[in-house]
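Read off the chains here:
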Amino acid sequence: MTATLNSSPEPARPVRFGGHSTAAGDAIDRDSELSVANTHNTPVVADPGTSRRVGGFVPALEGMRGMAALGVVVTHVAFQTGATSMPVLGRVWERFDMAVAVFFALSGYLLWRPHAAAARGLGSSPPAGRYLLHRAARILPAYWVVVCAVLILLPSAAHTAGFRVWLSNLGLTQVFVPLTLTDGLTQMWSLSVEVAFYLLLPLLAWSVMWLRGARARWRVPVVLTLGLVCLGWNLLPVPTPEAIHADNWLPGYLPWFAAGMLLAELADLEVPRLRRLARNQWILWSVALLAMLLSTTNLGGLPGLTRGEPWQYAVKMALGMVLGFALLAPLVLRPDIRHRWLESSAAAILGRWSYGIFLWHLAVLSIVFPVFGIVPFRGNFPLILVLTIAFTIPLAAASFALVEEPCRRWARRRVG
């Protein structure tokens, strides 16, 4: 990543290479949530007037990931408590599902970053086998623990969990198999899309391998074109089984991943005007806020869970693409600028535990109602939100310490 050096730079902070810190005593690999940004040793490359941290750890991304995880919790609690029927604010609460656009953009950026850098001679792409093993170790063990816990222990899910439900949930194929999204696990549709992107990414990288060196300048328009073309996915008459919708498949969400991939390509380009824009984060974050507000109108779909028209789906995907790009651009295009809240200890902890928060929060939400004697869809949005977060965070912390981190360390020992 490129950033203009200040004439009197701040004291150096730790920069991570290959998943390890240059600071003594800091051995935590915080590639976090749905990405493995630094599975290869990539050097820092400096040139006059710039500071490049290819593969370096960007602390603010961890905080942004934590905020996105809380956004997902907010929208699900809002639906379950009936807060989405509130005048004006109801549309805002339900559109916190746009936090998924941030997650997908983060994955697009972090996983595409090594390929974008390698095309410009700033490192090497991770071998496909090692990349896939890291992805599997990062995602599957903790996910399988949640699936087994929910389908065995959560009554509303266990009573309807036949062989097809078990198999499709364990295999992350819920978006392809009718009626297999079950209580406590309905949010996993997005993880199914995420994993499909993981599998597609090596093929995408291979398809643009010829855009290297001097031809690398064409990578930005190619990635942008990919995102824009996929905005029309829902306009196609894709045949699907009953109760299955093709707009929940990866092609429909590629614009959100492409927003992050585009940032990965731009991170090494010397475009002074773009750097100046990224430095003024309030302009870009105002654009993100505008995209969010527009998504709460009928441009982004109908209220509630009613399916909108194909053009509304396309507009929502376009707004999510803008949202993800605008939120992340100040963080990755100007990593030399501090973002106090996103780099705070609280935000870092939430980011570290964000995958567990995503995995467990709906199961916790399902239990909070009967335990506290609260009727679903009858209000109490603030109370249920606080209780859900309070009980989810310890589970997420345990997931990170007992499952996620040990599995990632095993993958690093096995393939580096």
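Thresholds applied
Residues numbered from 1 in each chain as written. Predicted model: local features only at pLDDT ≥ 70, side-chain atom pairs only at ≥ 80, totals over all residues. Heavy atoms only, no water. Helix = DSSP H or I, 4+ residues; strand = E, 2+ residues; numbered from the N terminus. Buried < 20%, exposed > 50% of the residue type's maximum accessible area, 1.4 Å probe, protein only. Contact = heavy atoms within 4.5 Å. Areas by Shrake-Rupley, 256 points an atom, 1.4 Å probe, with all protein chains shown as cover. Phe/Tyr/Trp six-rings, centres within 6.5 Å; stacked < 30°, edge-to-face > 60°. Lys NZ or Arg CZ within 6 Å of the ring centre and 35° of its normal. Expected span 1.5 Å × (residues − 1). Bend = angle between axes of the 7 residues up to and from the residue. Polar contact = N/O pair within 3.5 Å; in protein donor to acceptor, adjacent residues only side chain to side chain. Axes fitted to C-alpha atoms, helices over the stretch in contact; angles between N-to-C directions. Parallel < 35°, antiparallel > 145°, perpendicular 65-115°, else oblique. Left-handed = near helix turned anticlockwise from the far one by under 90°. Nonpolar A, V, L, I, M, F, W, Y, C, P; charged D, E, K, R; others polar. Core = buried A, V, L, I, M, F, W, Y, C linked by side-chain atoms within 4.5 Å. pLDDT = per-residue confidence, 0-100.

*Asks:* What should I look at first to understand the overall build of the chain in this one?
*Replies:* Looking only at helices and strands, the chain has 15 helices and four strands in total. Burial status across the chain gives 54% buried among its 416 residues. The contacts of the chain with a sequence gap of at least 6 include a subset with a gap of at least 24, amounting to 77%. Accessible surface, the chain as shown: approximately 17900 Å² in total, 70% of it carbon and sulfur.

*Asks:* I'm lost on the packing of aromatic side chains in this one. Help?
*Replies:* Each aromatic ring pair is characterised by the separation of its centres together with the angle its planes make. Under the definition given, this model contains twelve aromatic pairs. Plain terms: the ring middles of tyrosine 253 and tryptophan 256 are 5.1 Å apart, the flat faces sit at 70° to each other, and that makes the pair edge-to-face. Of this pair, tyrosine 253 and tryptophan 256 both sit in helix α9 (residues 250-266), three residues apart, roughly one helical turn. By way of ring pairs, the aromatic residues Phe104, Trp189, Phe197, Tyr253, Trp256, Phe257 and Tyr313 are connected into one cluster. Of note, arginine 135 hangs over the ring of tyrosine 198, and the distance from its end group to the ring centre comes to 5.0 Å.

*Asks:* It is not clear to me how helix α4 (residues 128-153) should be interpreted in this structure. Could you clarify?
*Replies:* Within an α-helix, residues lying three or four positions from one another point in the same direction, as the helix has 3.6 residues per turn. The end-to-end C-alpha separation of α4 is 37 Å, in line with the 38 Å expected for 26 residues at 1.5 Å each. In the structure, α4 departs most strongly from a straight axis at leucine 140, where the bend amounts to approximately 30° and where the proline proline 141 lies between one and four residues downstream. Residues of α4 that are buried make contact with α3 (99-119), α5 (155-158), α6 (163-170), α7 (189-207), α14 (354-371) and α15 (381-415).

*Asks:* Looking at this structure, I do not really get the environment of arginine 307. What am I missing?
*Replies:* In this structure, arginine 307 sits in the loop between α11 (281-295) and α12 (310-333). The contacts of arginine 307, once residues within four sequence positions are left out, are His245, Asp247 and Leu302. Polar side-chain contacts of arginine 307 include one of 3.4 Å to the side chain of histidine 245.

*Asks:* Looking at this structure, I do not really get the packing of α4 against α15. What am I missing?
*Replies:* Helix-helix packing is characterised by the crossing angle of the two axes and by the distance between the axes. Following both chains from N to C, one finds α4 and α15 inclined at 160°, their axes separated by 9 Å at the closest point. With respect to each other, α4 and α15 are oriented roughly antiparallel. In the crossing of α4 with α15, the sense of the turn from one axis to the other is right-handed. From α4, Arg130, Leu133, His134, Ala137, Arg138, Pro141, Ala142 and Val145 reach across to α15, where they touch Ser399, Val403, Glu404, Cys407, Arg408, Trp410, Ala411, Arg412, Arg414 and Val415. Per-class residue counts for the contact of α4 with α15 are ten nonpolar, two polar and six charged.

*Asks:* Can you help me understand the nonpolar core in this one?
*Replies:* Proteins that are soluble and globular tend to have nonpolar side chains buried together. Core analysis: the biggest nonpolar cluster contains 112 residues, and Trp112, Phe197 and Leu359 have the highest contact counts within it. The element contributing the most residues to this core is α3, with 13 residues. Those residues in contact with phenylalanine 197 that sit more than four places away from it in its chain are Ser107, Gly108, Leu111, Tyr131, Leu204, Leu250, Leu254, Phe257 and Met261.

*Asks:* Could you clarify how one ought to interpret the side chain of threonine 180 in this entry?
*Replies:* Here threonine 180 shows up in the loop between α6 and α7. Among the polar contacts listed, one links the side chain of threonine 180 to the side chain of serine 168, at a separation of 3.4 Å. Not counting residues within four places of it along the chain, the set of residues in contact with threonine 180 comprises Arg164, Val165, Ser168, Asn169 and Gln174.

*Asks:* Would you mind going over the confidence of the model for the chain with me for this structure?
*Replies:* Interpretation of the predicted coordinates at a detailed level should be avoided for regions scoring low in pLDDT. Looking at the chain as a whole, its pLDDT mean stands at 86, while 87% of the residues score no less than 70. The low-confidence segment residues 1-55 (pLDDT under 50) makes 140 contacts with residues lying over four places distant or belonging to another chain.

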